[in-house]
Amino acid sequence: MRIKSSGDRWFNAFNAVLMAAIVFATLAPFWFALVGAFNSGLDYMRGSVYFWPREITLANFRAVFSDKTIYHAYYVTIARTLVGVVLHVAFTSLVAYGMSRKGLAGRKIYLVIMMFTMFFYGGIVPTYLLYKEIGLLNHFLVFIIPSMLSVWDMIIMMSFFRTIPEPIVESAKIDGAGEYRIFVQLVLPLSMPVLAAIALFNGVYHWNSYMDAMLFTTKSSLEPVQLFLMRIVTSSSAALSLSQEAGSNMPEEAKKLSPETLKLAMMIATTAPILVIYPFLQKYFVKGVLIGSVKG
Amino acid sequence: MNEALRTERRFRPAEAKLTAKSSRWRNQLSLQSMVWPGLAFLLVFSYVPMYGVLIAFKEYDLFEGVIGSPWVGFVHFREFFNDPNFLNVLRNTLAINLLGLVLGFPAPILFALFLNEISSKRFKSFVQTVSYLPHFVSWVIFGGLMLTVLSPSNGALNGLLLQLHLIDEPINFMAKTNLFWFIMVGMEMLKGIGWGAIIYIAAIAGVDQEMYEAAKIDGANRFQKIRYVTMPAIMGTVVIMLIFAISSILNTGFEQVMVMQNALNLDVSETIDTYVYKVGLSEMRYSYSTAVGLAKSVVALVLLFGANYVSRKISDSSLF
């Protein structure tokens with residue numbers, strides 16, 4: 001139908017190659033890690049295992065899932081994700097609902113007080129000293145409480161709540177419902193898309209964060225899986241001792257383990273939940289970003 | 001009119017007035033009780049640490065607390081400026097963040113523009129889905145993947161370069177001090193390009209199709225359409241995103257650098273953030289490290305005003 005110039009055709013070809021290159025650059029590292037994780041450790045050390053495993057084995061994954069420390073680290077991560085997300089969504093949405101009501105006295109001042117904290121931060125040392133003072137250091141709640149409220153998420157929710165038509169809320173009020181009842185029984189059910197998006201973002205944050213554990217905890221019983229990984233990834237001695245321990249636990253397969261392949265198996269095992277669910281949830285993520293962008 | 005209203009109100013039964021008033025009062029109380037816990041939360045977790053920054057000017061004593069510790073003025077700042085690490089740390093922080101802004105900021109915009117030119121819908125949505133992926137992976141894992149690809153013993157990049165006979169022996173990329181900043185910025189771009197593009201893709205999708213038709217009738221080719229229709233239409237979004245990027249300048253890269261840092265590249269990888277962490281929490285020099293962190297905020301503020309000044313000079317738009 002449309003006549004394409006040769007310049008157009010060249011551009012299309014170039015563009016397709018560029019996009020394919022971006023896709024490759026994004027996926028290839030994951031693929032290399034997956035291949036390495038399924039490859040026997042000793043053989044992997046010989047090098048040039050890239051696109052397909054040379055000696056296929058499940059030993060690395062068996063080692064990962066037989067290690068008690070790793071199990072415990074997963075337990076910490078799952079616990080903080082579940083508890084953290086529920087409390088974050090509950091608390092942030094409650095504040096957001098209050099802030100979304102026009103009748104709230106002092107609303108403007110409150111908003112300024114809240115938004116100020118988005119731009120100014122005391123820094124890690126004063127934060128550390130505060131946590132020390134109030135007993136959050138080396139406590140599981142250090143993962144939960146400081147992330148219960150995010151002003152950014154609050155603003156996203158607030159602007160979503162404001163799109164709910166006022167007459168609906170007014171009629172509930174005439175029927176005698178109080179603000180809490182309106183919030184729980186009327187506004188929350190109508191706001192599922194934004195709640196889902198915020199819950200997902202916060203879930204990914206909890207699943208992936210290692211910073212708070214690194215800064216504010218020293219107990220190994222509080223180590224989440226990302227911090228465990230951090231130690232293995234950045235210190236070869238930690239990786240080596242993990243691999244030796246795993247090897248002594250399963251001596252018949254010790255030769256199939258190496259610090260490198262164990263590390264890869266752990267990275268795959270930790271990322272897998274996100275990789276598996278994310279294609280199904282990505283539309284909510286995208287919606288969340290776009291709701292946030294029109295906050296105004 | 002006013003008179004009439006007042007008369008009417010006067011004749012209202014006193015009780016009804018009272019319940020209306022008390023119910024409004026009760027409503028206000030419920031609303032306030034929703035918001036106050038949030039304010040109290042921010043007071044504790046945001047404002048108390050801001051106040052705690054005062055220890056940069058004090059000699060912090062664990063038992064005396066922030067208030068009781070003695071003032072020492074600018075001692076810690078002077079110590080930092082005379083610290084042999086000072087110039088290094090400042091240079092690395094500026095280099096990684098400014099390179100990240102200059103190269104990393106336009107990348108998602110270009111990606112969105114190029115992606116928009118793909119005609120196959122399925123290929124387009126496939127590319128988009130894949131490009132979001134790294135955003136959802138932690139820096140530990142993404143860094144770990146990159147370390148694997150770049151590894152001198154069995155990394156794929158060295159394998160490829162050897163295979164192509166571009167190099168004779170493997171390169172230890174993470175020990176190459178002249179490459180470190182670019183590896184950091186490249187990683188950041190790869191991790192953020194798709195996610196950062198979402199907002200631009202949405203902005204492009206919102207452009208009125210008739211504009212393109214009109215441009216076509218006027219004889220515009222593809223690049224002219226991008227240049228004169230798409231670009232102006234998304235300019236507002238670009239400026240807002242630039243403001244966000246500049247206002248958080250010097251704040252990015254902590255987690256990323258922590259993962260990629262090793263003893264061989266420490267010279268180019270130690271940034272203000274990692275330095276504050278080490279000096280503050282590992283060596284427990286609380287006041288000194290707070291002063292270093294505060295110095296960073298001052299540098300960031302100078303950069304922000306500088307960027308604002310430049311933007312006002314070369315274009316009409318400025319942040320404030």
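Residues numbered from 1 in each chain as written. Chains lettered and ligands numbered in written order. Predicted model: local features only at pLDDT ≥ 70, side-chain atom pairs only at ≥ 80, totals over all residues.

In the nomenclature of an unreviewed UniProt entry, chain A corresponds to Carbohydrate ABC transporter permease from the organism Cohnella endophytica. Under Subcellular location (unreviewed entry), UniProt gives the following word-for-word description of chain A: "Cell membrane". Among the UniProt annotations of chain A, the heading Sequence similarities (unreviewed entry) holds the following wording: "Belongs to the binding-protein-dependent transport system permease family." (UniProt positions renumbered as here; feature names shortened; annotations may be inferred.)

Before going further, it helps to examine the overall build of chain B. Looking only at helices and strands, one finds 16 helices and zero strands in chain B. Computed over C-alpha atoms, the radius of gyration of chain B comes to 28 Å, more than 25% over the 20 Å expected from 2.2 N^0.38 for 320 residues, which places it beyond the range of a compact globule. Dimensions of chain B along its principal axes, counting C-alpha atoms only, are 100 × 75 × 40 Å. (Helix = DSSP H or I, 4+ residues; strand = E, 2+ residues; numbered from the N terminus. Rg over C-alpha atoms; globule rule 2.2 N^0.38 Å.)

When pLDDT is averaged across chain A, the result is 88; 97% of the residues are at 70 or more. Averaged pLDDT values for the elements of chain A fall to 82 in helix H14 (residues 236-249) of chain A and rise to 96 in helix H7 (residues 141-144) of chain A. (pLDDT = per-residue confidence, 0-100.)

This brings us to the interface of chain A and chain B. Listed as interface residues are 73 residues of chain A and, on the opposing side, 61 residues of chain B. A per-element tally of the side of chain A that touches chain B places helix H1 (residues 6-37) of chain A first, with 15 residues. Taken together, the residues of the side of chain A that touches chain B sort by class into 50 nonpolar, 19 polar and four charged. (Contact = placed C-beta atoms within 7 Å. Nonpolar A, V, L, I, M, F, W, Y, C, P; charged D, E, K, R; others polar.)

This part covers the domain arrangement of chain B. With domains assigned, chain B is organised as domain 1 (2-56) and domain 2 (75-314). With centres defined by C-alpha atoms, the gap from domain 1 of chain B to domain 2 of chain B works out at 44 Å. (Domains from an automatic or database assignment.)

Next up on the list: the UniProt feature "transmembrane region" (unreviewed entry) in chain A. In the numbering adopted here, UniProt assigns the feature "transmembrane region" (unreviewed entry) to residues 12-38, 73-97, 109-131, 137-161, 182-205 and 264-281 of chain A. A distance of 36 Å separates the end C-alpha atoms of residues 137-161 of chain A, which is 60% helix and 0% strand.

Burial analysis of helix H11 (residues 209-217) of chain B places just zero of its nine residues in the buried class, which makes it a mostly uncovered element. With its phi angle positive at about 90°, Gly219 of chain B sits one or two positions after the end of H11 of chain B. (Buried ≥ 20, exposed ≤ 12 C-beta atoms within 10 Å, placed from the backbone.)

Turning our attention to helix H6 (residues 124-133) of chain A. Taking burial as the measure, the ten residues of H6 of chain A include eight buried ones, the bulk of the element. Taken residue by residue, H6 of chain A has Ile124, Val125, Pro126, Thr127, Tyr128, Leu129, Leu130 and Tyr131 of chain A as its buried positions.

The next subject is the environment of Val85 of chain A. All names here are of chain A. Positionally, Val85 belongs in helix H4 (residues 68-100). The spacing of Val85 and Lys263 is 178 residues in sequence and 28 Å in space, taken between C-alpha atoms. In this view, Val85 contacts Ala199, Asn202, Gly203 and His206; residues no more than four positions away in its chain are not counted.

The next subject is the UniProt feature "domain: ABC transmembrane type-1" (unreviewed entry) in chain A. UniProt annotation of "domain: ABC transmembrane type-1" (unreviewed entry) refers to residues 74-281 of chain A when read in the numbering used here. Annotation note: span residues 74-281 of chain A, helix share 75%, strand share 0%, distance between end C-alpha atoms 22 Å.

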